[in-house]
Amino acid sequence: VLPHRSKEYEAIYHRAAKKCEDLFYTKYRVFIGTHSGSGMQETGIRNLVQKDVLCCINGAFSKRWHEVAVANGKQADKLEAEWGKAIEPDQLREALNKKHYEAVTIVHNETSTGCESPVKDLCAVVQEVSPDTLVMVDAVSSLAGTKVEMDAWGIDFLLTSSQKCLALPPGISLAGTNDRALEKAKTVENRGWYFDLILMEDYRIKNTTAMTSAVNMVYGLDFQLDRIFEEGLENRFARHAAMSKRVYDWSLEHGMEPFADPRYLSKTVATVKNTIGMDISKLNAFLLERGMRIANGYGSLKNQTFRIATMGETQMEDVEELLAYIEEFMK
Ligand SMILES: *Cc1c(COP(=O)(O)O)cnc(C)c1O
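Residues numbered from 1 in each chain as written. Predicted model: local features only at pLDDT ≥ 70, side-chain atom pairs only at ≥ 80, totals over all residues. Heavy atoms only, no water.

A short note on the overall build of the chain
Note the following rule: A run of H or I in DSSP counts as a helix once it spans at least four residues, and a run of E counts as a strand once it spans at least two, with each numbered from the N terminus. Atoms counted for the radius of gyration: C-alpha only. Globule rule: 2.2 Å times residue count to the power 0.38. Exposed residues in this analysis have more than 50% of their type's maximum accessible area, buried residues have under 20%, and partly exposed residues fall in between, with area computed by a 1.4 Å probe over protein chains only. To be clear on the numbers: accessible area is Shrake-Rupley with a 1.4 Å probe, and residue cover counts the displayed protein chains and nothing else. In summary, the charge assignment counts Lys and Arg as positive and Asp and Glu as negative, without counting His or the chain termini. Charge placement uses NZ in Lys and CZ in Arg. For Asp and Glu, CG and CD serve respectively.
Scanning the chain for helices and strands turns up 12 helices and 13 strands. Computed over the C-alpha atoms, the radius of gyration of the chain is 20 Å, within 12% of the 20 Å expected from 2.2 N^0.38 for a compact globule of 331 residues. The buried share of the chain, reckoned over its 331 residues, is 58%. Total accessible area computed for the chain in this model is approximately 13,700 Å², and 52% of it derives from carbon and sulfur atoms. Counting 40 positive and 47 negative side-chain charges, the chain places the centres of these two groups 3 Å from one another.

Focus: the site of the ligand
The cut-off we apply is this: Here a residue is considered near a molecule or strand provided that any single heavy atom belonging to it is located within 4 Å of it. Polar contact criterion, stated in full: a pair of N or O atoms within 3.5 Å, where within protein one must be able to donate a hydrogen and the other to accept it, and residues adjacent in sequence count only if both atoms are side-chain atoms. Asp, Glu, Lys and Arg are counted as charged, while Ala, Val, Leu, Ile, Met, Phe, Trp, Tyr, Cys and Pro are counted as nonpolar; the rest, among them Gly, fall into the polar class.
Around the ligand there are 14 residues in total, and S36, S38, T111, D138 and K164 lie nearest to it. S161 is positioned such that a nitrogen or oxygen atom in its side chain is 2.7 Å from an oxygen atom of the ligand. In the model, an oxygen atom of the ligand is placed 2.9 Å from a nitrogen or oxygen of the Q163 side chain. Contact with the protein chains removes 90% of the 380 Å² of surface that the ligand exposes when unbound. Those elements that place two or more of their residues in the shell around the ligand are α2 (37–48) and α3 (60–71). Here the shell around the ligand is composed, by residue class, of 3 nonpolar, 8 polar and 3 charged.

Description of helix α7 (residues 179–187)
Inclusion rule: Directions drawn from the helix axis to the C-beta atoms are what define this arc. By definition in these notes, contact holds between two residues if any of their heavy atoms fall within 4.5 Å.
Every buried residue of α7 is accounted for by A181, L182 and A185. The arc enclosing the buried residues of α7, seen along the axis, measures out at 100 degrees, which places them on a common side. Residues K186 and T187 are exposed on α7 and point more than 90 degrees away from its buried face. Looking at the packing, one finds that the buried side of α7 touches β1 (29–33), α2, β7 (134–138), β9 (173–177) and α8 (197–204). By the N-cap criterion, in which a side-chain oxygen at the helix start approaches the backbone nitrogen of a residue two or three places on, α7 is capped by N178, the distance to R180 being 3.3 Å.

As for the sheet that holds strand β12 (residues 295–296)
Rule in force here: DSSP bridges decide pairing: two strands pair if at least two such bridges lie between them. Interaxial angle, 0 to 180 degrees, is taken between N-to-C directions of lines fitted to C-alpha atoms, where a helix line uses only the stretch in contact.
With antiparallel pairing, 4 strands are arranged side by side in an open sheet as β10-β11-β13-β12. Of all strands in the sheet, those bounded by a partner on one side alone are β10 (257–258) and β12. When β10 meets strand β11 (residues 269–273), the two strands line up antiparallel, connected through 2 bridges. Bridged to E257 within β11 is K273. Each of β10, β11 and β13 (305–309) is contacted by helix α10 (residues 233–253), which is oriented at about 10 degrees to β11, the strand it contacts most.

Considerations on the pattern of salt bridges
The cut-off we apply is this: Note on definitions: salt bridges are taken to be side-chain nitrogens of Lys or Arg within 4 Å of carboxyl oxygens of Asp or Glu.
Taken as a whole, this structure holds 33 salt bridges when the rule is applied. Between E116 and K267 there is a salt bridge; the shortest N-O distance is 3.0 Å. Taken as a pair, E116 in strand β6 (residues 115–116) and K267 in the loop between β10 and β11 lie far apart in primary sequence, 151 residues in all. With relative accessibility at 13%, the residue E116 sits in the buried group.

Description of the packing of aromatic side chains
What counts is decided by this rule: Only centres within 6.5 Å qualify two rings of Phe, Tyr or Trp (six-membered ring in Trp) as a pair; their planes then separate them into stacked at under 30 degrees, edge-to-face at over 60, and tilted for everything else. Consider the ring centre and the ring normal. A charge sits over the ring if Lys NZ or Arg CZ is within 6 Å of that centre and within 35 degrees of that normal.
Applying the stated rule across the entire model yields 4 aromatic pairs. The aromatic ring of Y203 is capped on one face by K206, whose charged end is 4.6 Å from the ring centroid. Between R290 and the ring centre of Y325, over which it is positioned, the NZ or CZ distance is 6.0 Å.

A short note on the environment of A309
The residue A309 is located in strand β13 in this model. Considering only alpha carbons, one finds A309 and T111, 198 residues apart in sequence, at a separation of 9.4 Å. Setting aside residues up to four positions removed in sequence, A309 forms contacts with T268, V269 and T314.

Side note on the environment of A60
With respect to the helices, strands and loops of the structure, A60 is situated in helix α3. Here the alpha-carbon distance between A60 and S300, two residues 240 residues apart in the chain, equals 10 Å. Setting aside its immediate chain neighbours within four residues, A60 contacts W83, E110, S112 and Y298.

Describing the pairing of strand β4 (residues 103–107)
The two faces of the sheet receive side chains in turn, since in a regular strand these alternate between them. Among the 5 residues of β4, 5 are classified as buried, and the element is accordingly described as predominantly covered. Bridge analysis of strand β2 (residues 52–57) against β4 gives 3 bridges, and the strand direction is parallel. Paired with C55 across the bridge in β4 is T105.

Focus on the side chain of H35
Along the polypeptide, H35 turns up in the loop between β1 and α2. Given the relative accessible area of 14%, H35 is considered buried. Apart from residues no more than four positions distant in its own chain, H35 is found in contact with M40, G171, I172, S173, Y194 and F195.

Printed below as a string of structure tokens:
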């Protein structure tokens, strides 16, 4: 393992960080954190909010972001939609007209429900009603699997983890951050130390981190980003969309249906309503013997839904094989 304070490592760090900018569709910067994605939720809250934040909540991970804000002593208001539904632009417009917020938090792809929120339209609402409000987006289970255009949509802070669509081991996270967000951070008190974006920026411009980097994971990131760009981002997005569509179509052919609002179906985690009452634990035991595994529904959706990951390096052949096994189990 190279020392993190070495020219050789700095070159690798720089390469990986530059490729991340293309992945995020940003001309600004992407921080590489030595912690999972939830740490970036906390980073956003601590740096971009002094007091008032609006948290859009439509599932478990958006709910968590609100909990993170409250735990950090922020005045965090909730804007809620039923699980499986998206936050609608009109709903956000109404909330922003009532009160001024420093920032809004939105989860792009709710992994708990398989619902992809219309982030581009939500960003447009923020720009229309309250242009100085910063937009923070969690794209942990969608970035690198679905197009999320940070600069073009107007996202100020965009985060993801290594272990979902990037198909890397868990352990690091990424956060695209624009200049406006950094300027705001300079004015916010009690940003803490470990998650201080200003400290991170001082080191990032020197191609390193203030603390010890997750050196091995950054090698992996650099390598995997080459694979991703070799496939081509558009091809990768199309592959994810086709695999999830296959699962949704299959569910309809077998007396089930997608769980989320049909207008906002996730392309990376196909969530199906278990209307035929399959025993999901038994199904998973059956699949495990065949080298595969799906996810049960999240929290209160357990057994009522099941989730099939159509992300990362999963290929259509894998999806076909999995669906054939599920059909065998159903028989
Ligand atoms: C998995 C997930 C998280 C949590 O990320 P960690 O890397 O486990 O901290 C947050 N948001 C979404 C949407 C997720 O899918």
